[in-house]
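# Coordinate analysis (summary)
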Amino acid sequence: MAMVVASSNIIHFLPASSDPPYELLRTHPSLALLSKCKSINHFKQIHSQFIKFGLHNTQFALSKLVEFCAVSPYGSLSYALSIFNSIHNPNHVIYNMMIRGYSLSSSPNLAINCYSGMLFIGLEPNSYTFPFLLKSCTKLSTANAGKQVHGQVFKFGLENDVYVHTSLINMYAQHGNLDDARMVFDKSNFRDAVSFTALITGYISRGYVDNARELFDTIPVRDVVSWNAMISGYAQIGQFDKALSLFQEMKKAKVTPDVSTLLSVLSSCAHTGGIETGNWVRSWIEEHGHASNLRLGNAMIDMYAKCGDLSMARNLFDGIQEKDLVSWNVMIGGYTHASNFRDALEIFRLMQINNVAPNDVTFLNVIPACAHLGTLDLGKWIHACIDKHYHDFPNETLWTSLINMYAKCGNIEAAKQVFSGMETKSLASWNVMISGLAMHGDASRAIELFSQMTKEGFRPDEITYVGVLSACCHGGLVNLGREFFISMMKDYNISPQLQHYGCMIDLLGKAGLFDEAMALIEQMEMEPDGAIWGSILGACRIHKNLELGEYAFKNLREVEPDNPGAYVLLSNIYAGFGKWDDVARIRTFLNDKGMKKVPGSTSIEVDSIVHEFLVSDRTHPRSDEIYRMLDEVDRLLEMAGHVPDTSEVYYDVDEEWKEDVLCQHSEKLAIAFGLISTKPGTTLRIVKNLRVCGNCHSATKMISKIFNREIIARDRNRFHHFKDGYCSCRDYW
DNA sequence: CTAGGGTTAG
């Protein structure tokens, strides 16, 4: 092997013994230049300085030149090699620096060649050689080379050097060979915090946190990295409480935290809602001059957002001058996490204005916001953006999120397109597609898709069955619903959860099968929740069942004492029986308790802007036009013979409820605005926060015919497609 | 003259 090759431009061959005294070399001014060198061109100038002063004839200076080229990020390994090749008899240091260079490069295997070359010319490796060589072995995917190098360590009697054995432990640990890592550790006669920590991180990365902790407790003197390894280990596996209590111990031990510590601690605070510790960390960061650290800033934003203090998060976010992608993502994610979807989209808009390119994390936080708000235009724009820039990164979660968004924004066709375009479908994608179809009342397609997914070998999970059962529920398919419910338990061993019972009880109740519904409630192994009693109560309203209605109300009030919806539904039942005294009694009770019903609101997206309306809302800038349109709508409805159904309306009871009679429900305002602000024939998509009332439902059916508009309405539970005077729910909801 | 252990969003 010819490791020593003369290079054409460097022709000096000198024996090592010609080095002048180290002191003269070490203090030479040209050496100081290297520490400031930031480019290879600058290095070449320094190199010629070395030649000019005759420094390049010394092993010392040559080792410095090779070190820079091989190790510095501004160096170049090929340049290091050309210098190395010009050296007649490189010493240990020069060889070590070449090996180190390879260990840092993308071809760590070449370190081994270099090591062979060193042996070939008769140089013995020393205690510095192996840490570098072992780092290369660590980077290799196979364990073979590492084993052999371990043999070399014995051969040269270096197994008791603490640096060498730490490198061995680390190498084995990184390869997942914890037994050998432990063996080296146990056999070594000297251990410090570094060698302990190497083994501890190995245990943690394989999930053996308890073994790691056992070891951690026996470290004689722990340094900050040991603490960090253990604290972040707990955080990684989700044991955030343990991470935080260990941090308290670290404070007691008077070990100063560094940036890594603080990042782990902030993340733990974020996950546990531990805002007190979070506040402490924040003041510590400010006192110790870390306030301008971007990563800490981002972690603090995340912590405050996840702990629910969005305004503090926003203050910190606004205070960061040089925001990076993560800053934007944590702020958007914070708002989405807190269900503050409008602000999430607002930050996203600011991000566009600031020309910051989004990534998949951004989209995963923005798309659900679009889904909740029903902003189809923005959702489409994001979809186009993903198609354009991120098609190379197939991200099933991203497509699944898009399917869900299209379904929730009322464009089920686009949802189907994204779904069928997915090359590899995940269980989650089948699930969102099925529940999307269910939401749109397309029970037959949902069920068809379910059988297709099982044919393709996917095993349905509990979420799949929530979708399937809710499809049956929205389609009124009682028999099929029963069959699926049984098959879920029998064929897939999924025990029904609250949501499954909820679907079944809703389905049975709406069909008037009260005995069966109540029997199912008896059968449940958990306490029925408010949704279940609510659906019984709602079914009692439809089927005018006063006795069961009162019973369901009693139970609902026990589970959700502060839910005014229970009183409203019961009042509806009384109204259906003409029991106005009871209606009034409930009203008085609600007023005395100061309970307000959740204000209904409806939003509509026009030209990518979301307009939100409340009952009798007059705050919109085009309010006058909207109310003129509303008058026109009411006039045409009356002409077409639309008679408001007064059975659900609270006559003579309350100012707020009177407005129902005036037909100024928020959905009608949104529709009126849609009619005046879009071209004739444009589909109107509205999103309502509550369930659509009977009056608005029948009015909207007629509006769709009179104005020749398709109106797609999302309420709390499902979609209604109004067209030509009909609704896709077939008045069953 | 050279060295070993650890890192943000979902």
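Throughout what follows, the structure given in this document is the object of discussion. Predicted model only: the values in this text are computed from it and were never measured. (Residues numbered from 1 in each chain as written. Chains lettered and ligands numbered in written order. Predicted model: local features only at pLDDT ≥ 70, side-chain atom pairs only at ≥ 80, totals over all residues. Heavy atoms only, no water.)

### Digging into the overall build of chain A
Of regular secondary structure, chain A possesses 39 helices and 6 strands. Here chain A has a C-alpha radius of gyration of 36 Å; the compact-globule value for 733 residues is 27 Å, and the former is much larger. The dimensions of chain A, computed from C-alpha atoms along their principal axes, are 110 × 55 × 55 Å. Within chain A, the fraction of its 733 residues that count as buried is 50%. Long-range contacts, defined as pairs at least 24 residues apart, comprise 64% of the intrachain contacts of chain A with a sequence gap of at least 6. Summed over its atoms, the accessible surface of chain A is roughly 34800 Å², and 52% of this surface lies on carbon and sulfur atoms. (Helix = DSSP H or I, 4+ residues; strand = E, 2+ residues; numbered from the N terminus. Rg over C-alpha atoms; globule rule 2.2 N^0.38 Å. Buried < 20%, exposed > 50% of the residue type's maximum accessible area, 1.4 Å probe, protein only. Contact = heavy atoms within 4.5 Å. Areas by Shrake-Rupley, 256 points an atom, 1.4 Å probe, with all protein chains shown as cover.)

### Focus: the protein's contact with DNA strand B
By nearness alone, 45 residues border DNA strand B, and Ser 63, Thr 166, Asp 223, Asn 228 and Lys 306 come closest of all. Within 4 Å of the protein, atoms of DNA strand B come from sugar and phosphate in 32% of cases. The separation between a base nitrogen of DNA strand B and a polar side-chain atom of Thr 166 is 2.5 Å. Arg 295 is positioned such that a nitrogen or oxygen atom in its side chain is 2.7 Å from a base oxygen of DNA strand B. (Near = heavy atom within 4 Å. Polar contact = N/O pair within 3.5 Å; in protein donor to acceptor, adjacent residues only side chain to side chain.)

### Notes on the pattern of salt bridges
Applying the stated criterion to the full structure yields 20 salt bridges. Between Arg 282 and Glu 286 there is a salt bridge whose closest N-O contact spans 3.3 Å. Taken together, the residues Arg 282 and Glu 286, both in helix H17 (residues 275-287) and 4 residues apart, mark about one turn of the helix. Here Arg 482 and Glu 516 are joined by a salt bridge, their closest N and O atoms 2.7 Å apart. Of this pair, Arg 482 sits in helix H29 (residues 478-492) while Glu 516 sits in helix H31 (residues 514-523), placing them 34 residues apart in sequence. One network of salt bridges, with partners in common, ties together Arg 213, Asp 217 and Glu 249. (Salt bridge = Lys/Arg side-chain N within 4 Å of Asp/Glu carboxyl O.)

### Description of the side chain of Thr 375
You can see Thr 375 is positioned in the loop between helix H22 (360-373) and helix H23 (376-389). Once you skip the residues sitting within four places of it in the chain, Thr 375 turns out to touch Leu 345, Cys 370, Cys 409, Glu 605 and Val 610.

### Details of the pairing of strand S1 (residues 601-606)
Counted residue by residue, S1 has 6 buried out of 6 residues, so it is predominantly covered. Examined bridge by bridge, S1 and strand S3 (residues 684-688) share 3 bridges and lie antiparallel to one another. Residue pairing for S3: Ser 603 is matched across the bridge by Val 687. (Pairing = 2+ DSSP bridges.)

### Considering unusual backbone geometry
You will see that Asn 493, though not glycine, has its phi angle at about 55°, which is positive. Residue placement: Asn 493 occurs in the loop between H29 and helix H30 (498-510). The phi angle at Asn 708 is positive, at roughly 50°, despite the residue not being glycine. You can call Asn 708 exposed: its relative accessible area is 56%.

### Points about the nonpolar core
Counting 195 residues, the largest nonpolar core has Phe 130, Ile 200, Met 230, Ile 386, Ile 505 and Ile 536 as its most contacted members. When residues in this core are grouped by element, the largest group, 8 residues, is from helix H4 (residues 59-71). Ignoring anything within four residues of it in the chain, the contact list for Ile 536 reads Ile 505, Phe 514, Ala 517, Met 518, Ile 521, Leu 548 and Ala 552. With 28 residues, the next largest nonpolar core counts Ala 672, Cys 693, Cys 696 and Ala 699 among its residues. (Core = buried A, V, L, I, M, F, W, Y, C linked by side-chain atoms within 4.5 Å.)

### Observations regarding the side chain of Asp 461
You can see Asp 461 is positioned in the loop between helix H27 (443-455) and helix H28 (462-475). Summary of buried charges: Asp 461 has no salt-bridge partner, and the nearest side chain of opposite charge, Arg 459, is 9.2 Å away. Of note is the side chain of Asp 461, whose polar atom sits 3.1 Å from the backbone nitrogen of Ile 463. Excluding anything up to four places from it in sequence, Asp 461 contacts Leu 427, Asn 431 and Ile 494. (Lys, Arg positive; Asp, Glu negative; His and termini not counted.)

### So, the pairing of S3
Counting buried positions along S3 yields 4 of 5 residues, so the element is predominantly enclosed. In terms of strand pairing, S3 meets strand S4 (residues 711-714) through 4 bridges, oriented parallel. Residue Ile 686 lies in a different strand from S4, and its bridge partner there is Ala 713. As a crossover connection, the stretch from S3 through helix H39 (residues 694-706) into S4 is right-handed. (Right-handed = clockwise from strand over helix to strand, strands pointing away.)

### Quick word on the sheet that holds S3
Within a beta sheet, neighbouring strands are joined by backbone hydrogen bonds and run either parallel or antiparallel to one another. If you walk across this open sheet you meet the 6 strands as S2-S1-S3-S4-S5-S6, and the pairing is mixed. The sheet is open, and its two borders are formed by strand S2 (609-614) and strand S6 (726-727), each paired with just one other strand. Contacting S1, S2, S3 and S4, helix H38 (residues 666-677) runs over the sheet at an angle of about 15° to S1. (Axes fitted to C-alpha atoms, helices over the stretch in contact; angles between N-to-C directions.)

### Observations regarding the packing of aromatic side chains
Under the criterion given, the structure shown has 20 aromatic pairs. Pairing Phe 450 with Tyr 465 gives two aromatic rings, centres 5.4 Å apart and planes at 65°, and the pair type is edge-to-face. Taken as a pair, Phe 450 in helix H27 and Tyr 465 in helix H28 lie far apart in primary sequence, 15 residues in all. Of the two residues, Phe 450 and Tyr 465, neither departs from the other in class, the shared state being buried. Cluster of aromatic residues (ring-pair linked, three or more members): Phe 450, Tyr 465, Phe 484 and Tyr 492. A cation sits over an aromatic face here: Lys 425 above Phe 419, 5.0 Å from the ring centre. (Phe/Tyr/Trp six-rings, centres within 6.5 Å; stacked < 30°, edge-to-face > 60°. Lys NZ or Arg CZ within 6 Å of the ring centre and 35° of its normal.)

### Comments concerning helix H20 (residues 325-337)
Given a rise of 1.5 Å per residue, 13 residues ought to cover 18 Å, and the 18 Å separating the end C-alpha atoms of H20 matches this to within 8%. With 10 of its 13 residues buried, H20 lies for the most part within the structure. Looking at H20, one finds that the buried residues are Ser 327, Trp 328, Asn 329, Val 330, Met 331, Ile 332, Gly 333, Gly 334, Tyr 335 and Thr 336. Lining the buried residues of H20 we find helix H18 (294-306), helix H19 (310-319), helix H21 (341-353) and H22. Positive backbone phi, approximately 60°, marks Ser 339, located one or two places after H20. (Expected span 1.5 Å × (residues − 1).)

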